Amino acid sequence: SHLPEEMLLKIFRHADDFQLENRRKSHKWMKILHVCHQWYTTGLNCPTLWTMVTLVGGVECAREMLRRSCGQPLDIFLALRKGSRLETHPDEYIALLKVLLAECSRARRITGPLGEEWSYIENAATDVLEELRLKILEVSEPSTRPFAVNQVFSGDFSALRSLHLTLACNMDGV
């Protein structure tokens, strides 16, 4: 027999929320979609399940998740995992960041470290941004274009409920 679609979606959201609450920003929750054909098609066709976008999986995975999210507000997690392929392939990392940061206007939550890459965000609207939690990294020379929230994001910030900015400076020679 088949479970009603509403019940399946609750199961999927619970698996997704469990990962988010436990700081596991991966796509392992998707394994649940392989239980049977009904679970697979229901999960693939539910836009809200595809709104947590991370650096895991690469550019094509991110593009597919953005497509499947069908314009829903996004939770964008920018943290790299230790030993990730992206650590040794900076071109892929930058390409992936550009794909994700191009969608900032749909971001409900943006979390993670950013170096000079923050400049890829071009006047993103903030109408749905509820949480901004960034660690701004100065990795070498002081930035010629310092980070300023009002230069990166535009809008009224009316939905913003949490703002946490940390500056990590290279203090070599001090």
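In this text, all values refer to a predicted model and were calculated from it rather than measured experimentally.

### Observations concerning the environment of Y93
Next up, step 1: The residue Y93 is located in helix 5 (residues 90-101) in this model.
Next up, step 2: Distance from Y93 to L80, taken between C-alpha atoms, is 9.2 Å for residues 13 residues apart in sequence.

### Topic: the nonpolar core
Next up, step 1: With 24 residues, the main nonpolar core has L55, L78, L96, L97, L100 and I110 as its most contacted residues.
Next up, step 2: Those elements giving two or more residues to this core turn out to be helix 3 (58-68), strand 2 (74-77), helix 5, strand 3 (107-114) and strand 5 (131-137).
Next up, step 3: Looking at which element gives the most residues to this core, the answer is helix 5, with six residues.
Next up, step 4: Within the second largest apolar cluster, 13 residues are counted, among which are L8, L9, A15 and M30.

### A short note on the pattern of salt bridges
Next up, step 1: Under the criterion given, the structure shown has eight salt bridges.
Next up, step 2: Between E64 and R67 there is a salt bridge whose closest N-O contact spans 2.5 Å. Residue E64 and its partner R67 are both found in helix 3; the two are separated by three residues, about one turn of the helix.
Next up, step 3: Taking relative accessible area as the criterion, E64 reaches 28% and is therefore assigned partly exposed.
Next up, step 4: With a relative accessible area of 53%, R67 lands in the exposed category.

The rules behind the values
Residue numbers run consecutively from 1 along every chain, following the written order of its sequence. Reporting of local features is limited, given that this is a predicted model, to residues whose pLDDT is at least 70; pairs of side-chain atoms are given and counted only at 80 or more, and all residues count toward the totals for whole chains, interfaces and linings. To get the side-chain values, take all heavy atoms of the structure and skip hydrogens and water. Secondary structure elements follow DSSP: runs of H or I no shorter than four residues count as helices, runs of E no shorter than two count as strands, and numbering proceeds from the N terminus. Within this scheme, the nonpolar core is defined by two criteria: the residues are buried Ala, Val, Leu, Ile, Met, Phe, Trp, Tyr or Cys, and they are joined through side-chain atoms within 4.5 Å. Only protein chains enter the accessibility calculation, which uses a 1.4 Å probe; a residue whose area is less than 20% of its type maximum is buried, one above 50% is exposed, and one in between is partly exposed. Each reported salt bridge corresponds to a side-chain nitrogen of Lys or Arg within 4 Å of a carboxyl oxygen of Asp or Glu.

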